[in-house]
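# Summary of structural features
Each chain, written out:
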Amino acid sequence: MQKVIPSENKIILNNGELHYDQLVFATGAETSYFGMENVKKNAIPMKTLNDAIEMRNTLLKNLEKAAICKDIRTRRTLLTIVVAGGGPTGVEVSGMFAEMRKNILLKEYPELDTTASNIYLIDGGDALLSPMSKDSQKDTLEAITKLGVIVKLNTRVIDYKDDTVFLADGKTIQTKNLIWAAGVSAKIFEGIPIESYGRSKRMATDAFNKVNATENIYAIGDTCIQLSDADFPEGHPQVAQVAIQQGVNLAENFKLMLKNKPLKPFKYNDKGSMAIIGKNKAVVDLPKSKMHFNGFFAWMIWLFVHLMSLITYRNRINTFYHWMIAYFSKDQSLRMIIRPEKRTKGDA
């Protein structure tokens, strides 16, 4: 989509135009680099499936280069990994890399046995998994540190160039692998009034998800920020459950509009938060019952929830089968470098 013309109830596409009665934005969010062009150019994002494939390709290629590299300093730069962002994505990726180093790296690349390879997890806050409970934050820090990850809190990445990560405290880290999981922002659309946007370019909406300063334009999920929910005065977390529940509530309200009945304000039902750290390691918070789990039991909950989220029984069985192979073999056999599809700027 290229432009919105609210006065004509029309949107301009790259291949035509469409008229609407009600317009709903559910465009999600994209990686935010906080204005750091060098980081945007050189870091590896972790937002889309293509990003994940590119990250995998980069790490495989750097492992191959390190295996034949004779210079110790260059080899260390190839193997050192810096993950920026201490949210669920950053924690999961760091834990995965740490277990890969322990169980796979030395087996497949024995020539790297004496090479020092560090994994850094950097976050600007004073705790990992800041939206979760204090217990989860404490358990996560302890577990991720035991895996060998070097955690740096209250520290921000301010630049990345010439294979060097520059930190706000003046220190630097030499690496060819900066994984960027530090933040996301929504998109700006031409035609939507500037006063309709809130923090991180998210469209500010009322309790019914109608975008401020508009008449019949709505936004749900990561692309909106809603400050009317008393339990979330700073806006809802940018997670799938918020988008799902807002979509259901908005659909019900559209039905009520047709019947000229009062609309139902959105109220987020927080079913809980979870994050996986590594094999047999996870944290789970259940706010309604004020319960917290960690370790193997929390890991099992994480697996069950994600398995049941798959659409068909065939997908669930197939995924469970591959999980069991990976669990007992401590390995992933596929080492092919896959080239993801390149998308153009005009793609929605």
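Criteria and thresholds
- Residues numbered from 1 in each chain as written.
- Predicted model: local features only at pLDDT ≥ 70, side-chain atom pairs only at ≥ 80, totals over all residues.
- Heavy atoms only, no water.
- Helix = DSSP H or I, 4+ residues; strand = E, 2+ residues; numbered from the N terminus.
- Rg over C-alpha atoms; globule rule 2.2 N^0.38 Å.
- Buried < 20%, exposed > 50% of the residue type's maximum accessible area, 1.4 Å probe, protein only.
- Contact = heavy atoms within 4.5 Å.
- 1 Å grid on protein atoms, 1.4 Å probe; cavity = no way out; pocket = protein on both sides within 12 Å on 5 of 7 lines; lining within 4 Å.
- Points joined across faces, edges and corners; volume = space filled by probe spheres on them.
- Nonpolar A, V, L, I, M, F, W, Y, C, P; charged D, E, K, R; others polar.
- Pairing = 2+ DSSP bridges.
- Expected span 1.5 Å × (residues − 1).
- pLDDT = per-residue confidence, 0-100.
- Axes fitted to C-alpha atoms, helices over the stretch in contact; angles between N-to-C directions.
- Phe/Tyr/Trp six-rings, centres within 6.5 Å; stacked < 30°, edge-to-face > 60°.

### Some words on the overall build of the chain
When helices and strands are counted, the chain shows 8 helices and 20 strands. The globule rule puts the C-alpha radius of gyration for 348 residues at 20 Å, and the 22 Å found for the chain is close to it. Its C-alpha atoms give the chain principal-axis dimensions of roughly 70 × 45 × 45 Å. Relative to its full complement of 348 residues, the chain shows a buried share of 40%. Of the contacts formed within the chain by residues at least 6 apart in sequence, a portion of 56% connects residues at least 24 apart.

### Quick word on empty space enclosed by the protein
Using the criterion set out here, one finds 2 cavities of 30 Å³ or more in the structure. Taken together, 13 residues line the largest cavity, and the ones lying closest to its centre are Leu-63, Leu-79, Ile-81, Met-100 and Leu-105. Elements represented by at least two residues in the lining of the largest cavity include exactly helix H2 (49-68), helix H3 (72-79) and helix H4 (88-108). For the lining of the largest cavity, the element with the most residues is H4, which contributes 4 residues. Of the residues contributing to the lining of the largest cavity, the split by class is 9 nonpolar, 3 polar and 1 charged. One number sums up the size of the second largest cavity: a volume of about 50 Å³. Taken together, Arg-202, Gly-221, Asp-222, Cys-224, Gln-226, His-236, Pro-237, Gln-238, Val-239, Val-242 and Gln-246 make up the lining of the second largest cavity. Looking at the lining of the second largest cavity, the elements that each hand over two or more residues are strand E17 (224-226) and helix H6 (240-258). Of the residues in the lining of the second largest cavity, the class split is 4 nonpolar, 5 polar and 2 charged.

### Description of the pairing of strand E11 (residues 164-167)
Looking at chain direction, strand E10 (residues 157-161) and E11 are connected through 4 bridges and run antiparallel. For Val-157, the partnering residue across the bridge sits in E11 and is Leu-167. Taken together, E10 and the strand that follows it, E11, pair antiparallel across an intervening segment of 2 residues, in which Asp-162 is found at a positive phi of about 50°. In terms of strand pairing, E11 meets strand E12 (residues 172-174) through 3 bridges, oriented antiparallel. By the bridge assignment for E12, Thr-164 is matched with Gln-174. The turn linking E11 back onto E12 is made up of 4 residues, and Gly-170 within it adopts a positive phi angle of 95°.

### A short note on helix H7 (residues 295-308)
The α-helix advances 3.6 residues per turn, and as a result positions three or four apart in sequence lie on the same side. If you check H7, its first and last C-alpha atoms are 20 Å apart, about what 14 residues at 1.5 Å a residue would give, namely 20 Å. For H7, every residue scored as buried is listed here: Ala-298, Trp-299, Trp-302, Leu-303 and Leu-307. Residues of H7 that are buried make contact with H4, strand E18 (273-278), strand E19 (281-286), strand E20 (291-294) and helix H8 (313-329).

### Structural notes on the confidence of the model for the chain
Of all residues in the chain, 93% have pLDDT values of 70 or greater, and the mean over the chain is 90. Here H8 stands out as the least confident element of the chain, with mean pLDDT 87; strand E16 (residues 217-219) is the most confident, with 98. Taken as a whole, residues 344-348 scores under 50 in pLDDT and shows 3 contacts with residues more than four places along the chain or in a different chain.

### Describing the environment of Met-274
Checked against the element boundaries, Met-274 lands in strand E18. Here Met-274 is in contact with Met-132, Val-283, Val-284, Ile-301, Trp-302, Val-305 and His-306, once residues within four sequence places are set aside.

### Regarding the sheet that holds strand E9 (residues 150-152)
Ordered in space as E6-E13-E7-E8-E9, the 5 strands form an open sheet in which the pairing is parallel. Two strands in the sheet have a free side with no partner beyond their single neighbour: strand E6 (44-45) and E9. Running at roughly 170° to strand E8 (residues 119-122), H4 makes contact with strand E7 (81-84), E8 and strand E13 (177-180) of the sheet.

### Looking at the packing of aromatic side chains
For the structure on display, the rule yields 9 aromatic pairs. Relative to Trp-180, the ring of Phe-34 has its centre 6.4 Å away and its plane inclined at 65°; by these criteria the two rings are edge-to-face. Taken together, the residues span a long stretch of sequence, with Phe-34 in the loop between strand E5 (30-31) and helix H1 (37-42) and Trp-180 in strand E13 at a distance of 146 residues. A ring pair is formed by Phe-232 and Tyr-268, whose centres lie 5.4 Å apart and whose planes are at 55°; its orientation type is tilted. Taken together, the positions of Phe-232 in the loop between E17 and H6 and Tyr-268 in the loop between H6 and E18 put the pair 36 residues apart, joining distant regions of the chain.

### With respect to the sheet that holds strand E1 (residues 3-5)
Ordered by their spatial adjacency, 3 strands build an open sheet running E1-E2-E3, and the pairing between neighbours is antiparallel. A single partner strand is all that each edge strand has here, and the edge strands are E1 and strand E3 (16-19). Strand-to-strand, the axes of this sheet are offset by a mean angle of 20°, without reference to chain direction.

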